[in-house]
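Chains, contacts and geometry: an overview
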Amino acid sequence: MKYTTTASLAATLLAMQASASAMPPPIKRAALSASPVPQPPENPTNRVADDPAAQQLGQALFFDPNLSSTRDVSCATCHDPARAFGDGKAVAEGLQTGTVNTPTILGTAHHRWLFLDGRADTLWSQALGPIENDLEMGGARTDVVRYVASTPHLARAFTEVFGSLPDVSDEARFPEGARPGTPQWDAMTEQDRAAVTRSFVNLGKSIEAYERLLQPGESDFDRWVASIRNEARDDSILGEAAVRGFTLFAGDAGCMRCHFGPMLSDLEFHDLGIPPRDPAAPPMQGRGGGYSKLRASEFRADGPWSDAAESSKARRAAAARIGPEHWGAIRTPTLRNVAHTAPYMHAGQFATLSEVLQFYNTLDGQVRRHSHAEAVLVPLNLSDAQLADLETFVRTLSGDPPADALRHPPEGFGISEP
Ligand code: HEC
Ligand code: HEC
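1. Side note on the overall build of the protein chain
Assigned secondary structure in the protein chain consists of 15 helices and two strands. Over its C-alpha atoms the protein chain spans a radius of gyration of 24 Å, differing by no more than 12% from the 22 Å that the globule rule assigns to 418 residues. Principal-axis analysis of the C-alpha atoms places the extent of the protein chain at approximately 90 × 50 × 40 Å. When the 418 residues of the protein chain are sorted by exposure, 51% land in the buried category. Across the protein chain, every contact between residues at least 6 apart in sequence was considered, and the portion connecting residues at least 24 apart equals 71%.

2. Points about the site of ligand 2
Near ligand 2, the surroundings consist of 24 residues, among which Cys-255, Cys-258, His-259, His-346 and Tyr-360 are the closest. His-259 places a side-chain nitrogen or oxygen 2.8 Å from a nitrogen atom of ligand 2. At 2.7 Å, a side-chain N or O of His-346 approaches an oxygen atom of ligand 2.

3. As for the domain arrangement of the protein chain
Its domain assignment divides the protein chain into domain 1 (52-214) and domain 2 (217-284 + 328-395). The gap between the C-alpha centroids of domain 1 and domain 2 is 32 Å. Every contact between the two is made by 21 residues of domain 1 and, on the other side, 22 residues of domain 2. Between domain 1 and domain 2, a total of about 1,600 Å² is buried, with carbon and sulfur atoms accounting for 61% of that surface. Taken as a group, His-111, Arg-112 and Leu-116 account for 32% of the area that domain 1 buries against domain 2, more than any other trio of residues on that side. In this structure, the connection of domain 1 to domain 2 is made through one salt bridge.

4. Re the pattern of salt bridges
Applying the stated criterion to the full structure yields 21 salt bridges. A salt bridge links Glu-391 to Arg-395; the nearest nitrogen and oxygen atoms lie 3.0 Å apart. A residue pair is termed a helical-turn pair when its members lie 3 or 4 positions apart in one helix, as Glu-391 and Arg-395 do in helix α15 (residues 384-395) at four residues. For Glu-391, a relative accessible area of 17% translates into the label buried. Residue class for Arg-395 comes out partly exposed when judged on its relative accessible area of 42%. If you follow the salt bridges from partner to partner, you end up with Glu-218, Asp-220, Arg-223 and Asp-400 in one network.

5. Let's talk about the nonpolar core
Counting residues in hydrophobic clusters, the biggest one holds 47 residues, and the most contacted among them are Leu-61, Phe-62 and Leu-154. With seven residues, the single largest contributor to this core is helix α9 (residues 190-211). One finds Ala-242, Cys-255, Met-256 and Leu-387 within the second-largest nonpolar core, a separate group that totals 38 residues.

6. Details of the packing of aromatic side chains
Tallied over the entire structure, the rule returns 15 aromatic pairs. Aromatic pair Phe-200 and Phe-299: ring centres 6.4 Å apart, planes at 55°, arrangement tilted. With Phe-200 in helix α9 and Phe-299 in the loop between α12 (286-296) and α13 (312-319), this residue pair connects regions lying 99 residues apart in the sequence. A relative accessible area of 0% places Phe-200 in the buried class. When the ring of Phe-350 is compared with that of Phe-359, the centres are 5.6 Å apart and the planes differ by 35°; the resulting orientation is tilted. Across this residue pair, the class does not change: Phe-350 and Phe-359 are buried. An aromatic cluster is defined as three or more aromatic residues linked by ring pairs; in this entry it consists of Phe-221, Trp-224, Phe-246, Phe-249 and Phe-393. The residue whose ring lies beneath Lys-205 is Trp-124, and the NZ or CZ to ring-centre distance is 4.9 Å. Sitting above the plane of the Trp-113 ring, Arg-287 keeps its charged end 4.3 Å from the centroid.

7. So, the packing of helix α14 (residues 353-362) against α15
Between two packed helices, the angle of one axis relative to the other and the distance separating the axes together describe the packing. Their axes nearest at 10 Å, the elements α14 and α15 cross at an angle of 130°. Considering the angle they form, α14 stands oblique to α15. When you trace α14 past α15, the crossing you get is right-handed. Seen from α14, the contacting residues are Leu-353, Ser-354, Leu-357, Gln-358 and Asn-361; seen from α15, they are Leu-387, Leu-390, Glu-391, Val-394 and Arg-395.

8. Let's talk about the site of ligand 1
The full set close to ligand 1 counts 29 residues, and Cys-75, Cys-78, His-79, Leu-116 and Arg-331 are the nearest of them. In the environment of ligand 1, an oxygen atom lies 2.7 Å from a nitrogen or oxygen atom belonging to the backbone of Leu-116. Of all the secondary structure elements, the ones that give two or more residues to the shell around ligand 1 are α4 (75-78), α5 (123-132) and α9. A total of five residues in the shell around ligand 1 trace back to one element, the largest contributor, which is α5.

9. Overview of the confidence of the model for the protein chain
When pLDDT is averaged across the protein chain, the result is 93; 94% of the residues are at 70 or more. Across residues 1-5, confidence stays below pLDDT 50; counting only partners more than four residues off in sequence or on other chains, it has one contact. pLDDT under 50 marks residues 13-18. Its contacts with residues more than four places away, or in other chains, come to zero contacts.

10. Section: the coordination of the iron atom of ligand 2
Ideal values for angles at a metal depend on the geometry: 109.5 degrees with four tetrahedral donors, 90 or 180 degrees with six octahedral donors. At the metal site, the iron atom of ligand 2 is ligated by His-259 (NE2) and Tyr-360 (OH), and these contacts range over 1.9 to 2.1 Å. Around the iron atom of ligand 2 sit six donor atoms; with metal-centred angles ranging over 89 to 180°, the donor geometry is octahedral. In this pair, His-259 is assigned in the loop between α11 (240-250) and β1 (269-270) and Tyr-360 in helix α14, connecting sequence segments 101 residues apart. The same class applies to His-259 and to Tyr-360, which are both buried.

Thresholds applied
- Residues numbered from 1 in each chain as written.
- Chains lettered and ligands numbered in written order.
- Predicted model: local features only at pLDDT ≥ 70, side-chain atom pairs only at ≥ 80, totals over all residues.
- Heavy atoms only, no water.
- Helix = DSSP H or I, 4+ residues; strand = E, 2+ residues; numbered from the N terminus.
- Rg over C-alpha atoms; globule rule 2.2 N^0.38 Å.
- Buried < 20%, exposed > 50% of the residue type's maximum accessible area, 1.4 Å probe, protein only.
- Contact = heavy atoms within 4.5 Å.
- Near = heavy atom within 4 Å.
- Polar contact = N/O pair within 3.5 Å; in protein donor to acceptor, adjacent residues only side chain to side chain.
- Domains from an automatic or database assignment.
- Buried area = accessible area lost by both parts, 1.4 Å probe.
- Salt bridge = Lys/Arg side-chain N within 4 Å of Asp/Glu carboxyl O.
- Core = buried A, V, L, I, M, F, W, Y, C linked by side-chain atoms within 4.5 Å.
- Phe/Tyr/Trp six-rings, centres within 6.5 Å; stacked < 30°, edge-to-face > 60°.
- Lys NZ or Arg CZ within 6 Å of the ring centre and 35° of its normal.
- Axes fitted to C-alpha atoms, helices over the stretch in contact; angles between N-to-C directions.
- Parallel < 35°, antiparallel > 145°, perpendicular 65-115°, else oblique.
- Left-handed = near helix turned anticlockwise from the far one by under 90°.
- pLDDT = per-residue confidence, 0-100.
- Donors = N, O, S within 2.8 Å, 3.2 Å for Na, K, Ca; no water.
- Tetrahedral: all angles 85-135°; square planar, octahedral: opposite > 155°, others 65-115°.

Have a look at this one:
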């Protein structure tokens, strides 16, 4: 058996201290700023955002394929709880094959702008999009409201939260397939259209209440940062390679210019010039096009269906500054749980994290679509060992999944597992 001499013990302690204090202050600050994930910001534009009965109803709707025109696509078809609420596909497949990758919705309540191009400014308005999108669920608000009204469990839950449901049983007054842009919709009275839309919006508000519960779980990275915060930094939580990887991420590799804060996203928009999936398709309009769509949407946070149209959250959209550099810009994705959300980028262009890192390292294949494209990225020229460290770090951002009860249709609504 070996005995540690006092001298060598002192030397070991000194060495430990040196390694603990070796973390440069900016790196330490960066770590502290990225963890823990707080509760989502309040959303006054949805008065039931944190209402437990609305959460239950929203969860039931999320898993219910009957909101789609074919009655076989639900939100959970693409936002699969078993795949970190993504689908593992390059581009989404609903009623038809889409053009963009399905993002995880763990932590989505932290985003200021929803969709890759920011065309929604609240989660409730976001949720209404896929229901009436022909690529996704192909539904119509009149039919969706009629389905809820005629399904006892849903109707009961709905009236408990929102008071009452309109009587939409008369198909002459409320024709099948009626949604804006259809002749059936135009044939309805303005009052009937408003009644249907009000209930439709309330379905979105319930879905938001559920989505606000889908927080990214605590990860090794969070446990490591907690040890730093408690002045008891323990690198064994992360492993030496991931600690080196984080130092690069927050330092020389410059990742935190965009991937910072608790979501590891600035929540804003950039054009990295990722080569398009289909070179023949028209280029993505990104934030430029998304902002025009948001301004035109009746479901804006400062629009007629908001519960707080005058709030600062609501006014943000009107105050946003949009310039030519936003054309083609995509919202920075969260890196939380990114190990579980392959393939990557807005159209699943990269199959693995290592391909993503190779891109940042060389910028090979980068496409400069217009003269305003951002020029912030420069080839990193990292070694293979450094790239491996970076990847090891990024993988420590995976957290525990949400509680089991949130990953299945709620009981008592008669909705079966997808
Ligand atoms: C056919 C697959 C599919 C279905 C069905 C679907 N989604 Fe999505 N979802 C996507 C894709 C793809 C995107 C990204 C679209 C974009 O940004 O243009 C997305 C984006 C989102 C976002 C925004 C995430 C973010 O970070 O901006 C949320 C939230 C979301 N979906 C929730 C829902 C809800 C709620 C439903 C059901 C009402 C639903 N989705 C149905 C594929 C789907
Ligand atoms: C200029 C801002 C910016 C910088 C700097 C940046 N990123 Fe990104 N990152 C983005 C944007 C924007 C996307 C989405 C691009 C797209 O889909 O077209 C993205 C996508 C990713 C993805 C794919 C996520 C997914 O779910 O598809 C990973 C992983 C990633 N970045 C990691 C990194 C790492 C590691 C670094 C540092 C080497 C880095 N990023 C530097 C803005 C940035």
